[in-house]
Each structure stands twice: as structure tokens, then as C-alpha cells.
Amino acid sequence: MSTTTLAVLVPLLPFLGAVAGLLLGRRAPGFVRPLAVLPALASAVLAVLVAVRQGGGTPILASTELTPTGSVPIELSLYLDGFAALVAVLVGVVATCVQLYSTAYLREDPRYPSYAALVSLFTSAMLLVVYSGDLMVLLVGWEVMGICSYFLVGHYWETEAARSASLKAFLVTKLGDVPFLIGLFALATDADSFEIPKILGTVAAGGLDHPTLIALLLLAGVAGKSAQFPLHTWLPDAMAGPTPVSALIHAATMVAAGVYFVARLLPVFAASQAALVVMAVMAAVTMVGSGLAALAQDDIKRVLAYSTIGQLGYMTGALAVGDRGAAVFHLLSHGAFKALLFLGAGVIIHAAGTNSLAAMSRMDGLAKRIPDAFWTMTIALLALAAIPPFAGFFSKEAVLVAAEHAAGGHSESAPSAAGWIVLVSGVLTALLTAAYATRLWLMAFRGRGPAAPDHGKEPVAMTGVLWVLAIPSIGLGLAAGPIADWFDGNGLTPTPVTSVLGTGAAAVGAVLTYALWQRATAQAATAPAVARPTTAAAAEQPAAVAAGVSAATAAAESAAEAPEVAEVTHEHPAVPAGPAADPGRALLGPLHRHAADGFHLDAVYDRLFVRPVRAAASLVRFLDREVVDTYVSGAGAGPRLLGSLVRRAQTGNVQSYLSALLAGALVLAIATAVLANVNAGS
């Protein structure tokens with residue numbers, strides 16, 4: 001079987017699995033799980049075979065015209081280079097792990113058949129984006145992912161949170177997709193083709209007439225899909241969906257699509273230095289802002305969501321300094337350890353009965369209850385914090401090396417300003433990342449208080465997947481040398497300067513967080529423990545203690561009432577009382593309240609966009625009802641009034657009709673005589 005045929009089957013198999021799952025979900029429920037897992041597994045195996053055959057060598061091209069358009073043709077084409085081959089392997093492996101994990105995690109969910117089918121369709125759409133060589137076909141996969149995310153995030157549609165989150169994710173990403181689509185048409189017009197190889201050839205020949213405009217339009221769509229500032233606000237709220245969906249969206253699909261798109265078309269963006277500077281600023285704001293926000297979140301999944309936003313900022317920063325090899329290398333390593341983190345978080349939620357870190361910090365022995373999740377999440381958090389020799393260290397260092405290279409003026413395409421912006425923000429984000437990773441680990445696994453609930457060993461389908469993903473989280477970084485040959489050939493190995501900067505910043509963040517956690521633990525131990533502080537009791541406590549107890553308890557209760565927690569956990573344990581030992585409050589100080597609310601960006605957008613749009617809609621409604629409807633009603637009321645007057649004259653009395661006839665004739669005769677006299681006199 002040819003490599004091209006294998007590549008066609010990679011996205012086709014999950015698509016067929018999705019169709020079969022939707023058709024047979026209710027009629028033959030016994031086939032649902034095999035139809036979910038086996039196509040994804042087969043697709044992953046075929047993706048590995050395609051990668052082995054492609055081998056990082058000359059790109060494989062294959063195309064056939066879908067339909068004549070009369071101008072720019074649209075073709076079903078494959079463009080298999082080293083980037084596509086390795087990213088497809090990541091998508092296939094993570095999707096298989098998510099499907100297998102979901103068979104146990106959502107085993108009691110009555111909507112599991114539709115969920116599994118949507119995950120398969122989601123996987124197929126991402127693989128279409130990865131392998132496609134035509135931008136219009138890529139756009140199909142791009143939009144199908146948006147639709148799937150809407151349904152999957154809104155899986156628990158009975159709750160307002162899930163409905164709002166799914167709608168928000170759909171609308172925010174569509175807001176970016178509008179300029180994205182315009183940019184695609186503008187790019188195809190300049191290049192006279194939608195095919196990626198022809199577009200890259202046009203760029204190399206200097207054939208783009210509007211490179212800055214096209215790059216900025218495309219960047220808007222990338223910002224929405226990859227959750228970059230200012231269109232990142234949908235991603236934390238998307239945690240209302242099931243945890244395995246979060247793992248799929250954050251690790252291998254959806255948010256990775258934007259970064260991958262820029263990597264494929266990087267010469268288009270590099271044709272405009274202004275666009276690269278804008279991209280660097282966007283990445284810097286995203287990295288630092290998300291790191292601060294992650295330090296203030298109580299929901300373990302929201303911490304990981306903001307972490308994803310920050311790591312995507314690293315990838316965008318690497319692209320801004322013109323190194324797509326570093327960006328995709330970090331995409332691969334991040335996909336492994338972030339999928340592990342989310343699936344591990346699902347095991348924690350499954351065992352603890354809550355997704356609140358404040359509640360977990362008041363449980364003792366949670367690490368012993370779930371040793372598989374404890375050890376694998378420790379590995380993943382070390383990779384996230386970029387501690388050597390884990391995968392995250394090598395991939396993050398590749399980004400910092402690229403930024404240092406550009407800052408020194410050694411990049412052929414990226415300005416030095418972009419390099420300095422990415423380098424400084426990247427080092428600062430390394431400190432913040434290590435800080436919130438340490439905070440999560442301490443609050444989740446080093447809690448103190450009543451013993452954590454013991455429900456026995458977690459299902460093998462859940463814990464086994466964690467160990468599978470732990471392997472690349474540990475060893476992928478060691479493959480930095482060979483992987484570089486699959487990309488552009490640029491070195492991906494760390495340098496002494498960036499290693500000292502990045503690792504030193506991470507060490508400072510981890511040590512500082514640990515010290516503040518110890519102090520917070522000592523303060524929490526001396527604080528009075530209450531079940532729930534009443535108004536009077538809170539008045540007797542110090543203000544800081546009372547606020548800490550009430551806020552932590554409220555957050556834990558809210559998290560415990562989440563529909564996912566109610567469905568996947570064994571029981572509803574009582575939320576342990578007392579203040580939580582949270583080092584994030586001390587680290588952020590007065591910023592904590594603002595960071596916990598995402599720096600109020602949703603409120604800003606509400607005032608800048610939502611309220612004016614609603615006010616405009618109210619004005620249009622008023623004009624439609626009071627002005628337009630008045631004219632329409634008046635147009636009908638005039639004839640109706642005239643008709644009523646005429647109708648009153650129709651009495652049916654013959655004498656009245658004759659009298660009116662004679663009177664009219666008399667009036668006409670008098671008028672005629674008067675006019676005749678007037679004419680005679682003149």
C-alpha cells in the first residue's frame with residue numbers, strides 16, 4: 001500500500017468510526033466502545049507508518065481537483081512533510097488515549113455514544129488539517145473542529161455553565177474566523193492558488209502584494225483558535241466539558257491547529273516584520289498574563305487551561321522569531337505532558353470527589369490513594385516546569401534559544417525587537433510556570449486534614465493511559481537531535497545561557513512557592529476550623545482568615561457541585577472545612593483577586609462589545625416596532641378608514657340614494673351655471 005493511500009486512511013478511519021457510532025449508538029450499544037477505540041488506534045498506527053516512510057525527507061505531494069471553479073481551483077491534496085508526519089502521530093496517540101480513558105471515565109454517562117462519535121469526528125478533522133495541502137480543505141477541518149468543540153464543551157447541557165461555555169467558545173473562535181477567511185481569500189488571490197506548496201513558492205518569489213494585511217488577518221483566526229490574547233477567554237470556561245475532552249482540545253487538536261497553521265505558512269508571516277512583532281507582543285502578553293492567572297485559580301482544570309494558554313504563547317513566540325522547528329517541537333512535547341496532566345486530573349477528580357484545589361489541600365493521603373496519578377502527574381508537572389531532563393525542558397529551551405538568536409540579530413527574517421520581547425517574557429513565564437506547577441502539586445498531593453476517601457484502585461483503562469503518556473513526557477526531549485532533521489534542520493539543543501536563565505527562573509519559582517506554601521500551611525494550622533463560618537462567626541475572626549475560609553469553602557462547594565464531579569465520582573464527600581494553604585495568594589498579593597477573574601477581560605469585553613451590541617439591538621427593535629411598524633400599520637389603516645366611511649353610506653335605502661343623486665345633480669348644475677357666467681363676463 002502506498003504512503004499516499006495510508007495517509008488518506010489516517011483521517012478517514014476516525015470519520016467512519018464517528019458515522020458508525022452515531023448510527024449504531026442506540027441500536028447496538030455493545031459496539032460503541034470498539035467503534036470509538038479501534039478506529040483511533042488504527043489511525044495512530046497508520047500515522048506512525050506514514051511518518052516512518054516519510055522519514056523527514058522530501059515532502060510527499062498528491063492532489064486531485066475537487067471541482068472546477070473558473071478561477072482559483074480547489075483541490076483535495078496531501079502535503080506530507082516532517083511537520084505533518086510527526087504532528088499526525090501526536091494527534092493519533094492522544095486521541096487513542098482519550099478514547100480508551102473515556103470508556104472508564106464516562107462509563108455511566110447515558111450520552112457516551114454521541115460523545116465518542118464526536119471525539120472521533122474531532123480527531124478526523126484535526127488530522128485533515130494536519131495532512132491537507134489545500135487551504136480550502138484545511139478550512140473544512142478547521143470549522144468542523146469548531147462545531148465539535150461546541151457540542152463536546154456543552155456535553156452537560158443541562159447546566160447553565162456548560163451551555164454558556166460552549167456558546168462562548170463557538171462565538172469567540174468564530175469572531176477570529178471571519179478575518180481568517182478573508183485572509184485566506186486574499187492570500188489565494190495573490191498566489192492564484194489555494195495549494196500550500198504554490199503559495200510558499202509565490203512568497204519565495206516575492207509575489208505577495210499585501211503581506212502585512214494578509215498576515216494580520218490570518219493571525220486573528222489563529223488567536224481565536226489557539227486561545228491567544230485577546231481571544232483566549234473562551235478556553236478556561238471550556239473546562240465545563242468532560243475532562244477527557246479537555247485533554248483532547250488542549251493537547252492535540254483545536255488549540256494546536258492555529259500554531260500548526262502558522263508553522264506551515266511561516267514564510268507568509270515572515271514576509272512582514274510588522275506582523276512578526278505583533279505576534280511577539282501577542283505571545284508575550286499571553287504568556288505572562290496566563291501565568292499570573294493560573295496562580296490564582298482554584299479549579300484544577302482551570303489551572304491547566306491557563307497553563308495551556310501560556311504554553312501556546314511559547315509556541316507563538318517561537319514562530320514570531322522565525323523558528324517553526326522549535327514551535328512544533330514544543331507542540332509535540334506539550335501535547336504529551338498536557339494530555340497526561342488533564343487525564344491525571346480526571347483521576348484526581350474521580351477519587352477526591354471535587355476539582356477544587358482548596359478542598360484537596362484539606363485532604364490527607366490523596367497521593368497514596370491514587371499512586372499512578374501521583375507519580376505520572378509529578379512527571380508531567382516537572383516537564384511543564386521545564387526541569388531537566390524531562391521533555392518540557394528541551395522544547396522550552398529550543399524556544400528560548402531561537403529567541404536569543406533573534407535578539408542578537410542573527411535571524412534572517414525576525415527583527416531583534418521580536419527576539420527580545422519573546423526572550424524576556426519567556427524567562428519570566430518560566431518562573432511563573434514553575435510556581436503554579438509547584439502550587440498545584442503541593443495543594444493536590446500534600447494536603448493536611450481528614451483522610452481522603454478510599455474507593456479502591458482506579459480502572460486500568462484510566463491509569464494505564466497515564467503511564468503510556470508518561471513515556472514521551474520523559475524521553476521526547478532526548479530526541480531533540482533526530483527530530484531537528486525532520487524539520488528545517490535548525491538545532492533544537494539547549495545552550496548554556498538559555499539553560500541557566502530558564503532553569504534558574506524555574507528553580508526560583510518552585511522554591512519561592514514551596515516556602516510560601518509552608519508558611520500558609522502553618523497559618524492554616526493555627527486558624528480556627530469551622531464547618532461554615534456564619535456572619536457572626538466571621539465577624540469574630542480576623543478579616544483575612546474569615547475571607548480565606550469563606551472563599552475557599554465556597555469555591556470547594558461550587559466545584560463539588562459541578563455536573564462532571566457528580567457523574568464520575570463515587571460519591572459526594574463532604575467538603576473539608578477550614579482555610580486552604582494557598583501560596584498563590586502570597587505570591588500575587590493584591591493582584592490575586594484580579595488574576596482569579598482573568599484580569600476582568602470578560603467584563604471589559606462586556607462593556608466594550610456586548611453592551612453596545614445589545615443597545616444597538618434594542619434600538620433596532622424600537623425603530624422596527626415604533627417607526628417601521630407605524631408606517632406599515634398606517635398604510636393599512638388609511639384604506640380601512642376610507643372603507644368604513646364608504647360602508648356607512650351604503651344604507652340600502654332607495655330614497656336616500658335618489659335624494660343624494662338629485663342633490664349631486666343640482667350641485668353640478670349650479671356649478672356649471674356659475675362657471676358659464678364667469679366666462680361670459682371675462
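Along its length, the chain carries 30 helices and two strands. Expressed as lengths along the three principal axes of its C-alpha atoms, the size of the chain is roughly 120 × 75 × 55 Å. When the 682 residues of the chain are sorted by exposure, 54% land in the buried category. Expressed as a percentage of contacts within the chain between residues at least 6 apart in sequence, the contacts between residues at least 24 apart total 81%. A gap of 8 Å separates the mean positions of the 36 positive and 40 negative side-chain charges of the chain.

Evaluated as defined, the whole model comprises 15 aromatic pairs. Between Y605 and F609, the ring centres sit 6.1 Å apart and the planes meet at 50°, which makes this aromatic pair tilted. One end of the pair, Y605, and the other, F609, are both in helix α29 (residues 601–649), four residues apart, so they sit about a helical turn from each other. The structure contains a cluster of three or more aromatic residues connected by ring pairs, namely F374, W375, W441 and F445.

With that settled, consider the pairing of strand β2 (residues 74–80). The buried fraction of β2 is high, at five of seven residues. Direction of pairing for strand β1 (residues 60–67) relative to β2: antiparallel, over a ladder of seven bridges. Bridging across to β2, L61 finds its partner in Y79.

On the surface, V8, L12, F15, L16, V19, L23, L24 and F31 cluster together to form a nonpolar patch covering roughly 690 Å² of accessible area. Position of F31 relative to the elements: it lies in the loop between α1 (3–24) and α2 (32–54).

Here F229 and P230 are connected by a cis peptide whose omega angle stands at 10°. Of note, P230 is situated in the loop between α8 (211–225) and α9 (234–237). Here the amide bond leading from P388 into P389 is cis, since omega sits at 10°, within 30 degrees of zero. Assignment of secondary structure puts P389 in the loop between α18 (371–384) and α19 (391–407). With a phi angle near 55°, A227 is a residue other than glycine that sits in the positive phi range. Here A227 shows up in the loop between α8 and α9. Judged by relative accessible area, which is 0%, A227 ranks as buried. Of note, the phi angle at A386 is positive, near 65°, even though the residue is not glycine. When you line up the elements, A386 lands in the loop between α18 and α19.

Caution applies to low-pLDDT parts of the model: their predicted coordinates are not meant to be read in detail. Looking at the chain as a whole, the pLDDT averages 87, with 92% of positions reaching at least 70. Across the chain, the element-wise mean pLDDT spans from 38 in helix α24 (residues 535–540) up to 96 in helix α13 (residues 273–294). Contacts of residues 530–561 to residues separated by more than four positions or lying in other chains number 41 contacts, the stretch itself having pLDDT below 50.

Time to look at helix α7 (residues 196–204). Among the residues of α7, I196, I199, L200, T202 and V203 are the ones counted as buried. Angularly, the buried residues of α7 cover 155° about the axis, an arc narrow enough to put them on a single face. For α7, the elements touching its buried residues are β2, α5 (135–153), α6 (160–191), α11 (255–264) and α12 (266–270). G206 lies just past α7 and shows a positive phi near 75°.

This next bit is on the packing of α6 against α8. At their nearest, the axes of α6 and α8 sit 7 Å apart, and the two run at 145° to each other. Crossing of α6 against α8: the hand is left-handed. For the pair α6 and α8, contact is made by T173, G176, D177, P179, F180, I182, G183, L184, A186, L187 and D190 and by I214, L217, L218, A220, G221, V222, G224 and K225, respectively. A breakdown of the residues in the contact of α6 with α8 according to their chemical character gives eleven nonpolar, five polar and three charged.

Okay, helix α15 (residues 324–352) next. For α15, built from 29 residues, the straight-helix expectation of 42 Å at 1.5 Å per residue is met to within 8% by its first-to-last C-alpha distance of 40 Å. For α15, the buried fraction is high: 29 of the 29 residues fall into the buried class. Of the residues flanking the start of α15, the one acting as N-cap is D323, its side-chain oxygen 3.2 Å from the backbone nitrogen of G325. Looking at the residues trailing α15, positive phi occurs at G353, about 80°.

What follows covers the pattern of salt bridges. Enumeration over the complete set of coordinates arrives at twelve salt bridges. A salt bridge links K174 to D177, with the shortest nitrogen-to-oxygen separation between them at 2.8 Å. Highlighted residues: K174 and D177, both in helix α6, separated by three residues, approximately one helical turn. Side by side, K174 and D177 carry an identical accessibility label, which is buried. Measuring nitrogen to oxygen at the nearest pair gives 2.7 Å for the salt bridge that ties D582 to R439. Placement of D582 in the loop between α26 (563–568) and α27 (583–588) and of R439 in helix α20 (residues 416–445) is noted, with a sequence separation of 143 residues between them.

By the secondary structure assignment, T233 is in the loop between α8 and α9. Setting aside chain neighbours within four positions, we find T233 in contact with K168, L601, D602 and Y605.

Another point: the nonpolar core. Ranked by size, the top nonpolar core spans 198 residues in total, and within it Y131, F261, L265, V268 and F269 carry the most contacts. Counting residues per element, this core draws most heavily on α15, which supplies 18 residues. F261 has contacts with L135, L138, W142, F180, L184, L218, V222 and F269, leaving out every residue within four places of it along the chain.

Turning to the packing of helix α3 (residues 82–105) against helix α21 (residues 460–475), a few remarks are in order. Running from N to C, α3 and α21 cross one another at 155°; their axes reach a closest spacing of 8 Å. Judged on the interaxial angle alone, α21 and α3 are roughly antiparallel. Helix-helix and strand crossings are classified by hand; for α3 and α21 the assignment is left-handed. Taking contact as the criterion, the partners of C97, L100, Y101, T103, A104 and Y105 in α3 are, on α21, A461, M462, V465, V468 and L469. Here the residues of the contact of α3 with α21 sort into ten nonpolar, one polar and no charged.

We now examine the state of the cysteines. For the structure on display, the rule yields zero disulfides. Lacking any disulfide linkage, C97 is separated from the closest cysteine sulfur, that of C148, by 20 Å. Residue C97 is classed as buried on the basis of its relative accessible area, which comes to 7%. For C148, a relative accessible area of 1% puts it in the buried group.

Rules used in this analysis
Residues numbered from 1 in each chain as written. Predicted model: local features only at pLDDT ≥ 70, side-chain atom pairs only at ≥ 80, totals over all residues. Heavy atoms only, no water. Helix = DSSP H or I, 4+ residues; strand = E, 2+ residues; numbered from the N terminus. Buried < 20%, exposed > 50% of the residue type's maximum accessible area, 1.4 Å probe, protein only. Contact = heavy atoms within 4.5 Å. Lys, Arg positive; Asp, Glu negative; His and termini not counted. Charge placed at Lys NZ, Arg CZ, Asp CG, Glu CD. Phe/Tyr/Trp six-rings, centres within 6.5 Å; stacked < 30°, edge-to-face > 60°. Pairing = 2+ DSSP bridges. Patch = residues over 30% accessible without salt bridge, like charges linked within 9 Å, V, L, I, M, F, W, Y side chains within 5 Å. Areas by Shrake-Rupley, 256 points an atom, 1.4 Å probe, with all protein chains shown as cover. Salt bridge = Lys/Arg side-chain N within 4 Å of Asp/Glu carboxyl O. pLDDT = per-residue confidence, 0-100. Arc of directions from axis to C-beta. Axes fitted to C-alpha atoms, helices over the stretch in contact; angles between N-to-C directions. Left-handed = near helix turned anticlockwise from the far one by under 90°. Nonpolar A, V, L, I, M, F, W, Y, C, P; charged D, E, K, R; others polar. Expected span 1.5 Å × (residues − 1). Polar contact = N/O pair within 3.5 Å; in protein donor to acceptor, adjacent residues only side chain to side chain. Core = buried A, V, L, I, M, F, W, Y, C linked by side-chain atoms within 4.5 Å. Parallel < 35°, antiparallel > 145°, perpendicular 65-115°, else oblique. Disulfide = S-S within 2.5 Å.

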